[in-house]
Amino acid sequence: MDSGATAWLLTSSALVLFMTPGLALFYGGMVRARNALAMLMNNFVAMGIVTVTWIVIGYTLAFGPSVEGWGLIGGLDYIGLEKVGSGNPIHGAAVPDSLFMAFQMMFAIITPALISGAIAGRMKLSAWMIFIAVWSVIVYAPMAHWVWAGGIVGGDLGAIDFAGGLVVHINAGAAALAAALVLGPRLGFGRDLMRPHALPLTLLGTGILWFGWFGFNAGSAIAADGAAANAFVTTQVAAAVAATTWIVVEWLTAGKPTTLGVASGAVAGLVAITPAAGFVGPLAAILIGIAAGAICYWALRLKFRYGFDDSLDVVAVHLVGGIVGSILLGILADADIGGVAGGFEQLLRQAASVLIAVVYSFVVSYLLLRIIQKTIGLRVTEEEERRGLDLSLHDEQAYVLSD
Amino acid sequence: MDSGATAWLLTSSALVLFMTPGLALFYGGMVRARNALAMLMNNFVAMGIVTVTWIVIGYTLAFGPSVEGWGLIGGLDYIGLEKVGSGNPIHGAAVPDSLFMAFQMMFAIITPALISGAIAGRMKLSAWMIFIAVWSVIVYAPMAHWVWAGGIVGGDLGAIDFAGGLVVHINAGAAALAAALVLGPRLGFGRDLMRPHALPLTLLGTGILWFGWFGFNAGSAIAADGAAANAFVTTQVAAAVAATTWIVVEWLTAGKPTTLGVASGAVAGLVAITPAAGFVGPLAAILIGIAAGAICYWALRLKFRYGFDDSLDVVAVHLVGGIVGSILLGILADADIGGVAGGFEQLLRQAASVLIAVVYSFVVSYLLLRIIQKTIGLRVTEEEERRGLDLSLHDEQAYVLSD
Amino acid sequence: MDSGATAWLLTSSALVLFMTPGLALFYGGMVRARNALAMLMNNFVAMGIVTVTWIVIGYTLAFGPSVEGWGLIGGLDYIGLEKVGSGNPIHGAAVPDSLFMAFQMMFAIITPALISGAIAGRMKLSAWMIFIAVWSVIVYAPMAHWVWAGGIVGGDLGAIDFAGGLVVHINAGAAALAAALVLGPRLGFGRDLMRPHALPLTLLGTGILWFGWFGFNAGSAIAADGAAANAFVTTQVAAAVAATTWIVVEWLTAGKPTTLGVASGAVAGLVAITPAAGFVGPLAAILIGIAAGAICYWALRLKFRYGFDDSLDVVAVHLVGGIVGSILLGILADADIGGVAGGFEQLLRQAASVLIAVVYSFVVSYLLLRIIQKTIGLRVTEEEERRGLDLSLHDEQAYVLSD
Amino acid sequence: MKMIIAYINPYKLEEVRDALKGAGVTGLSIATIQGFGRQGGHREIYRGAEYDVEFVPKVRIEVLVDETLAPTVISTVEQTARTGSVGDGKIAVISVEDVIRIRTGERGEDAL
Amino acid sequence: MKMIIAYINPYKLEEVRDALKGAGVTGLSIATIQGFGRQGGHREIYRGAEYDVEFVPKVRIEVLVDETLAPTVISTVEQTARTGSVGDGKIAVISVEDVIRIRTGERGEDAL
Amino acid sequence: MKMIIAYINPYKLEEVRDALKGAGVTGLSIATIQGFGRQGGHREIYRGAEYDVEFVPKVRIEVLVDETLAPTVISTVEQTARTGSVGDGKIAVISVEDVIRIRTGERGEDAL
Ligand SMILES: Nc1ncnc2c1ncn2[C@@H]1O[C@H](COP(=O)(O)OP(=O)(O)O)[C@@H](O)[C@H]1O
Ligand SMILES: Nc1ncnc2c1ncn2[C@@H]1O[C@H](COP(=O)(O)OP(=O)(O)O)[C@@H](O)[C@H]1O
Ligand SMILES: Nc1ncnc2c1ncn2[C@@H]1O[C@H](COP(=O)(O)OP(=O)(O)O)[C@@H](O)[C@H]1O
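Rules and cut-offs
Residues numbered from 1 in each chain as written. Chains lettered and ligands numbered in written order. Predicted model: local features only at pLDDT ≥ 70, side-chain atom pairs only at ≥ 80, totals over all residues. Heavy atoms only, no water. Helix = DSSP H or I, 4+ residues; strand = E, 2+ residues; numbered from the N terminus. Contact = heavy atoms within 4.5 Å. Areas by Shrake-Rupley, 256 points an atom, 1.4 Å probe, with all protein chains shown as cover. Buried < 20%, exposed > 50% of the residue type's maximum accessible area, 1.4 Å probe, protein only. Lys, Arg positive; Asp, Glu negative; His and termini not counted. Charge placed at Lys NZ, Arg CZ, Asp CG, Glu CD. Least-squares fit on C-alpha atoms with pLDDT ≥ 70 in both. Near = heavy atom within 4 Å. Polar contact = N/O pair within 3.5 Å; in protein donor to acceptor, adjacent residues only side chain to side chain. Nonpolar A, V, L, I, M, F, W, Y, C, P; charged D, E, K, R; others polar. Buried area = accessible area lost by both parts, 1.4 Å probe. Salt bridge = Lys/Arg side-chain N within 4 Å of Asp/Glu carboxyl O. pLDDT = per-residue confidence, 0-100. Expected span 1.5 Å × (residues − 1). Axes fitted to C-alpha atoms, helices over the stretch in contact; angles between N-to-C directions. Parallel < 35°, antiparallel > 145°, perpendicular 65-115°, else oblique. Left-handed = near helix turned anticlockwise from the far one by under 90°. Core = buried A, V, L, I, M, F, W, Y, C linked by side-chain atoms within 4.5 Å. Phe/Tyr/Trp six-rings, centres within 6.5 Å; stacked < 30°, edge-to-face > 60°. Pairing = 2+ DSSP bridges.

Scanning chain D from N- to C-terminus turns up two helices and seven strands. Along the chain direction, N to C, the helices and strands of chain D fall in the order β-α-β-β-β-β-α-β-β. Taking the contacts inside chain D whose residues are at least 6 apart along the sequence as the reference set, 72% of them involve residues at least 24 apart. With the model as given, the accessible surface of chain D reaches about 3,900 Å², and the carbon-plus-sulfur share is 48%.

Here we take up the overall build of chain A. A tally of helices and strands in chain A yields 16 helices and zero strands. Projected onto its principal axes, the C-alpha positions of chain A cover 55 × 50 × 40 Å. Within chain A, the proportion of its 403 residues that are buried is 71%. When contacts within chain A are restricted to residue pairs at least 6 apart in sequence, long-range pairs at least 24 apart make up 76% of them. Of the roughly 10,200 Å² of accessible surface on chain A, 64% is carried by carbon and sulfur atoms. In chain A, 18 side chains carry a positive charge and 24 a negative one; their mean positions are 15 Å apart.

Turning to the relation of the copies chain C and chain A, a few remarks are in order. Rotating chain C by 120° and moving it 0.0 Å along the rotation axis overlays it on chain A with an RMSD of 0.0 Å. A rotation of that kind, with that shift, is consistent with a three-fold axis. Distance from the rotation axis, computed per C-alpha, reaches its smallest value in chain C at Gly4(C): 2.2 Å.

Not every one of the 20 residues close to ligand 3 is listed here, only the nearest: Ser29(D), Arg101(D), Arg103(D), Arg38(F) and Gln39(F). With respect to ligand 3, its neighbouring residues span chains D and F. One nitrogen or oxygen atom from the main chain of Gly27(D) is found 3.1 Å from a nitrogen atom belonging to ligand 3. Taken by itself ligand 3 offers 550 Å² of open surface, and the protein chains cover 99% of this. The set of elements that each furnish at least two residues to the shell around ligand 3 consists of strand 2 (28-36) and strand 5 (56-65) of chain D together with strand 2 (28-36) of chain F.

Further remarks concern the site of ligand 2. Close contacts around ligand 2 come from 20 residues, with Arg38(E), Gln39(E), Ser29(F), Arg101(F) and Arg103(F) the closest. Lying at an intersection of chains, ligand 2 is approached by residues of chains E and F. Backbone polar atom of Arg38(E) to an oxygen atom of ligand 2: 2.7 Å apart, as the coordinates give it. Arg101(F) is positioned such that a nitrogen or oxygen atom in its side chain is 2.7 Å from an oxygen atom of ligand 2. When isolated, ligand 2 has an accessible area of 550 Å², and the protein chains bury 99% of it. Listing elements by their share of the shell around ligand 2, those giving two or more residues are strand 2 (28-36) of chain E together with strand 2 and strand 5 (56-65) of chain F. A total of three residues in the shell around ligand 2 trace back to one element, the largest contributor, which is strand 5 of chain F. Here the residues of the shell around ligand 2 are counted per class, giving six nonpolar, seven polar and seven charged.

With that settled, the discussion passes to the interface of chain C and chain A. Taken together, the contact pairs 54 residues of chain C with 51 residues of chain A. A buried area of about 4,100 Å², summed over both sides, lies between chain C and chain A, and 76% of it is on carbon and sulfur atoms. Taken together, the links from chain C to chain A amount to one salt bridge. Residues Asp395(C) and Lys256(A) are paired through a salt bridge, measuring 3.7 Å at the closest nitrogen-oxygen approach. Where chain C touches chain A, the interface holds 10 residue pairs in polar contact (both at pLDDT 80 or more). At the level of secondary structure, the elements contributing two or more residues to the side of chain C that touches chain A comprise helix 1 (3-28), helix 2 (36-63), helix 3 (97-115), helix 4 (125-148), helix 7 (199-219) and helix 16 (389-394) of chain C. Its residues assigned to classes, the side of chain C that touches chain A shows 37 nonpolar, 14 polar and three charged.

The next subject is the confidence of the model for chain D. Parts of the model with low pLDDT should not have their predicted coordinates read in detail. Counting all residues, the mean pLDDT for chain D is 88, and 88% of those residues have values of 70 or more. This prediction of the complex comes with two scores: 0.96 for pTM and 0.95 for ipTM.

Inspection of the secondary structure assignment puts Gln397(B) in the segment after helix 16 (389-394). Here Arg195(C) takes part through its side chain, which lies 3.1 Å from a polar atom of the side chain of Gln397(B). Those residues in contact with Gln397(B) that lie beyond four places of it in its chain are Leu37(B), Leu391(B), Arg195(C), Leu199(C) and Pro57(E).

Residues and elements named next belong to chain C. Its 32 residues give helix 14 (residues 344-375) an end-to-end C-alpha distance of 47 Å, which sits within 8% of 46 Å, the value for a rise of 1.5 Å per residue. Burial in helix 14 covers these residues: Gln 346, Leu 347, Gln 350, Ser 353, Val 354, Ala 357, Ser 361, Val 364, Ser 365, Leu 368, Leu 369 and Ile 372. Positive backbone phi, at 90°, marks Gly 377, one or two positions downstream of helix 14.

Residues and elements named next belong to chain A. Within the secondary structure, Ser 392 sits in helix 16 (residues 389-394). Taking relative accessible area as the criterion, Ser 392 reaches 6% and is therefore assigned buried. Within polar-contact distance, the side chain of Ser 392 engages the backbone oxygen of Gly 388 at 2.9 Å.

Before going further, it helps to spend a moment on the packing of helix 8 (residues 226-254) of chain A against helix 2 of chain C. When two helices pack together, their arrangement is captured by the angle between the axes and the distance separating the axes. Put simply, helix 8 of chain A and helix 2 of chain C touch, their axes get as near as 9 Å, and they point 120° apart. With respect to their mutual orientation, helix 8 of chain A and helix 2 of chain C come out oblique. In the packing of helix 8 of chain A onto helix 2 of chain C, the handedness of the crossing is left-handed. Only Met41(C), Val45(C), Met47(C), Gly48(C), Ile49(C), Thr51(C), Val52(C) and Ile55(C) of helix 2 of chain C make contact with helix 8 of chain A, whose side of the interface consists of Gln236(A), Val237(A), Ala240(A), Val241(A), Thr244(A) and Ile247(A). Here the contact of helix 8 of chain A with helix 2 of chain C is composed, by residue class, of 10 nonpolar, four polar and no charged.

Moving on, we get to the nonpolar core. Grouped together as the largest cluster of nonpolar side chains are 508 residues, with contacts concentrated most on Phe131(A), Phe131(B) and Phe131(C). Excluding anything up to four places from it in sequence, Phe131(B) contacts Ile115(B), Met123(B), Ser365(B), Leu368(B), Leu369(B) and Ile372(B). Ala92(D), Val96(D), Ile5(E) and Leu64(E) belong to the second-largest nonpolar core, a separate cluster that totals 39 residues.

The next subject is the packing of aromatic side chains. Summed over all chains, the structure comprises 69 aromatic pairs over all chains. Ring centres of Phe18(B) and Phe211(C) lie 4.1 Å apart, and the angle between their planes is 0°; on these two criteria the pair is classed as stacked. Of this pair, Phe18(B) sits in helix 1 (residues 3-28) while Phe211(C) sits in helix 7, each in a different chain. Take Phe18(B) and Phe211(C): they sit in the same class, and that class is buried. Following the ring pairs from residue to residue traces out a cluster consisting of Phe18(A), Phe211(A), Phe18(B), Phe211(B), Phe18(C) and Phe211(C).

The next subject is the environment of Ala299(C). Residue and element names in this part refer to chain C. Turning to its location among the elements, Ala 299 is positioned in helix 10 (residues 282-299). On the basis of relative accessibility, which here comes to 4%, the residue Ala 299 falls in the buried class. As for Ala 299 and Asp 313, which are separated by 14 residues in sequence, their C-alpha atoms are 8.9 Å apart.

On to the pairing of strand 1 (residues 2-8) of chain D, then. Residues and elements named next belong to chain D. For strand 1, the buried fraction is high: seven of the seven residues fall into the buried class. Of the two faces of strand 1, both are covered, the one formed by Lys 2, Ile 4, Ala 6 and Ile 8 as well as the one formed by Met 3, Ile 5 and Tyr 7. Where strand 1 meets strand 5, seven bridges bridge the pair, whose relative direction is antiparallel. For Ile 8, the partnering residue across the bridge sits in strand 5 and is Val 59. Pairing geometry for strand 1 and strand 6 (residues 90-95), over six bridges, is antiparallel. Bridging from a neighbouring strand, Ile 5 pairs with Ala 92 of strand 6.

Our focus in this paragraph is the pattern of salt bridges. Residue and element names in this part refer to chain B. Following the criterion strictly, the structure yields 57 salt bridges over all chains and no others. With its nearest N and O atoms 4.0 Å apart, the salt bridge here joins Asp 309 to Arg 122. A residue pair is termed long-range when its members are at least 10 positions apart, and Asp 309 in the loop between helix 11 (302-306) and helix 12 (314-332) and Arg 122 in the loop between helix 3 (97-115) and helix 4 (125-148) qualify at 187 residues. Residue Asp 309 shares its accessibility class with Arg 122, and that shared class is buried.

Another aspect to go through is the environment of Arg386(C). Positionally, Arg386(C) belongs in helix 15 (residues 382-387). Remark: the alpha-carbon pair of Arg386(C) and Arg122(C), spanning 264 residues in sequence, is separated by 9.3 Å.

Another point: the packing of helix 9 (residues 259-273) of chain C against helix 10 of chain C. Residue and element names in this part refer to chain C. Two elements in contact, helix 9 and helix 10, have axes separated by 8 Å at closest approach and are oriented at 125°. The angle between the axes of helix 9 and helix 10 places the two elements in the oblique class. In the packing of helix 9 onto helix 10, the handedness of the crossing is right-handed. For the pair helix 9 and helix 10, contact is made by Ala 268, Gly 269, Ala 272 and Ile 273 and by Ala 285, Ile 288, Ala 292 and Cys 296, respectively. Of the residues in the contact of helix 9 with helix 10, the class split is seven nonpolar, one polar and no charged.

Below is the structure:
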């Protein structure tokens, strides 16, 4: 075991956990004041629920030895963390097994939390809790297995995904699209402005996400070495370039740059570099940042054109951003950096992996949401929605400045 | 010296320091707007004052070689950080002495800061500053010595406390009870609702605390190894389970889950796992989380039943949560994990240690507060309290949105 | 390569990056609500822009081999990160080159961001973006070269600056003075109170800055060892002492301590210890903290006496604080700790280095701002200023609580 | 001319605004307020304790209208803001002596 | 009917509300405002500089009452909000033409 | 006595306050409000979509004055708040039956 690698992975795991409260603020600041607490709640319950599903069953389905070697799903060897000790590095990694498990847990938590941006202001908390519990087991865990545990996508197909372009972002983004479609739009969608109620919280959330993302990407090296350093640098570069690109494009096309834009651009860049962080160098990261900033900005309009209320743009930022990164990686991958060379063949592998991730996540999420809708129901009543979820669901108000 | 262990302890020390601003927000969001800044102040002055008391005298009383070997108090060998160099690991630890001292300093800071939740909206800042300065020396330092430096509780009695169930949480919780009793209730206590003025700040504070707690608990391994990894995992599990338990119980008994509940539950779980983090595995952490969530929720009513205004529930969360963890640890401790086996005997040791901590902290805190009360006075005037401490004590307003 | 050192430098780099959003909140909470987002924007664009200028040209100018060995500027060897790989430690450091570059990048980002405190509420975003882009190349990079890369100040002159007293704080502070002078005061400066609109955000920012500063100072050891531990401890001590000193002086002279005071004091202490962190021990850090708290508090009045609108006191805190630390270091430096002994000669070296930094930064910043003023203009219109920059420049409102 | 002041539930604001617009109102001003009334006094369970909630968040609408439009405004607010449960709010009518449009200096009904 | 508007110190709100409740008032609406008056103009030291503080945070209470209760409401507010120092605030009385309870459509004094 | 209510642009507040002070006004109260009027209805591009912005942030000034000062107050507000573009706001004048200064119990014009 390597104490330096362990130190960095402990830090990285904490950083990735911190991203979920960061995401809660990022999203929470963007909704109207009446739904602010409900949005925070959606994220905090992900920390509560997915921790449990992960240790009980998710981890073994994702990282357990592949059943029959088919690469479809992990076996039950690690159920309830059976055999996942603190001393025997079964993955041959330089870190304790239980730490590797914890690091991966944080990814399993934030992925469903990302979906919450699509359901703002109208979903029942009970339905949400059931959704993410089941989703983390039947969508997240298999996807992680396919991509990262020698499964069909990472193994047989040979697609690469350094820190979660497929497993985290495309996965969450496709599920968000399903959620927006099944739930239907908020009352007033497309007519009322529904301005962000507290952009300083959104920018704080952006800062926390950016900070935490170093754990996400550079931690994915599972080592404290040059590979981690490279992932660190590419992460910073892509975020910076995409943030700048976004506001420049906004300035040119809409007349003024916005703080919501700089925040969205940074996150778009972070998303797009995620699959690539360990496979490309800083100059390629510039290209990925530019592409992410411009294309995700353009993708914002999709929800209006097609009329689905992806309230906080999970599709435009995470689905589209994840696809941009995964596809560009097929061309830009540098064999000297991550051992895989870009080119037409790798591009095809990447495109196929994107397709698999989008279809699987969308279809299963859609069906799951439909089942919940038919049984306990997905949406609050109209009156609850009008009063705001904070009062309706939680009997709380985000701000009480007059008491 | 081990650079990996040093890297992790540097990180952990920074994380634990960060918990105090996190706590400031956690508490600050819970009070009424008129007292928000005063609450932040109470926490920030702890960072200022206890740093000084600790390096001058606290550290040597806590971790200096025990006077006469009685295990009652550390000698003055390290007064003013005498002999606490950056190179000679006198504790035989893998890290520099001065870093071990710094890590422990952060615990000494946050412990009195925790008490501030009991004094919201009515205590004079001067009295508070004197209180925490003295308390950190005469209550915190001896307790740390008894439990962690081979003193009577950790040594002779054989009670275990991995990261501060006794030293931090029970200690602060018992002092908070004394403070609530001596100070008396806020004007309007039990009649006015006194809703939290900014729950998003409370949830942000929760996120920071959760994040920092990995330094608190996994850092207490003073190594970057499997023990740290195990503490990391149990910390995450207990927090998650307790947060979920709390809102489920709230949902069943009060009708609706709240965001204040999810925040309180997470902290309760973190408190309860603190003594146990390095002595139990993840499944035991689930049990501790459930117990903490349910019992601390139930304990909220104590202050109303007995009429003491523990304004932000330090007793229910830290005293009760700390006891839950320390006692359960007596049963659940796993010799394969932390070298100590649970059982009836260990349970007795734990119970005795809890008793000692509660009694010592409560009695000394009570007397200290009484002395301050008789001399310079503890409470602001009625009019100052009504105007709010922010204007009365600081000539400041937390929010000025109309300028 | 040392994995422990690498782990700590990865962490430190993330921490220093996190300081810029922290600074954004620290400053953002201090301005009026109408300019809050613009202030956040000024800081976030620094993250976007300086990342690019640094990797393209800044890093090589700063840390490239000195042109002709004159110690004036780095050569173009590392242009576009040429040769800055992840494996070959050309600096003989225990960490990958690219990580050293990334760590230094975070300093290059926050330094111009610090200047934004002087321009609050009246500068055009386009002018600001151009200013920091150019400034990072023609002011920051040479200064870093002179002090840290064997250039004229650190090499020939023999002045010491552990983590950026000259390069970061005096540099930014002198530029802030130039900016305040060239821009002219805000409408209503000296007459209207312009109270901070959200002090809780300022205190949160303070917490983040304090937390991140451990990466800043202890990370500057570029190792996870006793030197890092010593820098960690002195950082904590100076911040704590200065925060306490500030509010005590405020209490005695103005009647009441303020939360803005405790925040300002902490930052003043952190600034002053920055050059000294690795060259002095904890007791000297106490002296530096006291001096910083008292002198920076006193320095607040300068802007009113001399009528320059350094809106958020960059001069009083960063310029004066940086000078206090750099000068005191000349006396207090302890050869046993950092290898350099304080004394009259070192004092002269320090004084000379301060002079060079102040003059160079002030003069070049002044000229640069004048050029921008003559070409695209620096200031928004009077009406835009009155409406507030958030609406005028960004079409956004920081808070929308009534929707 | 009249000033019509209505205290309504915040979540009815959008509906009421749209209805008033439809009824020909060209301007209005709203403020967020805390209301105390019959609705107040209900008990709420909060962190383990029951409380009387005295104040409820409401929105205060202020509309300046000429005599002829006044009845329409009143009945429009009445109909759109009504849910039938306690707390729907109140409307008050006050006589206004003069109105001035700042931009043009117009006075009286022309200013509306 | 009357509308009674009082600008008072925020920390007096709870007391005033309780007293009005005791005096038979069944409803009122409050808003947080910034007041400018004699109290304004004091100097404050702030981060090393002295300033004129022009605005002070106040609470604005608005109560609709029938003629008979009006004098009681005025004297109740007067007595409970008074501290004797500058800034205690003012009360204004305005005549109201009609009041409507949205929930029931009741009008006039029945609506109160 | 009159109550003069003005809805103005927030960035005009300081100017208007100073002018009113100069004109002899000794007190006033302000609230932040959202205004809807002719100015509303402009389109704004926001995160890739265009919207009708219905509400605009405004400031509501409320001044109690005696009859003689009223015209000065009105014209002062009119002149300082005017920019000539839509959204400058409105002024309304309401008759006030009585004013009480809480601190002293003075009534009527003495209370101003
Ligand atoms: N006498 C009053 N004066 C001013 N505002 C009132 C008065 N009575 C009620 N209100 C306002 O109307 C709101 C609703 O009143 P309430 O008595 O709760 O319900 P309802 O109008 O359905 O009987 C209150 O929250 C308050 O804002
Ligand atoms: N002429 C006025 N019009 C409207 N509000 C006023 C007026 N005069 C005072 N006020 C309100 O009353 C508050 C207290 O007034 P002030 O003159 O400071 O004290 P006092 O009423 O004790 O003389 C002010 O802050 C303001 O809100
Ligand atoms: N009929 C009205 N009743 C109440 N407030 C109004 C009315 N008309 C306008 N206002 C207020 O005046 C502000 C400016 O009005 P607007 O119609 O936009 O511009 P203008 O007064 O220049 O024609 C509005 O935002 C609103 O606050």
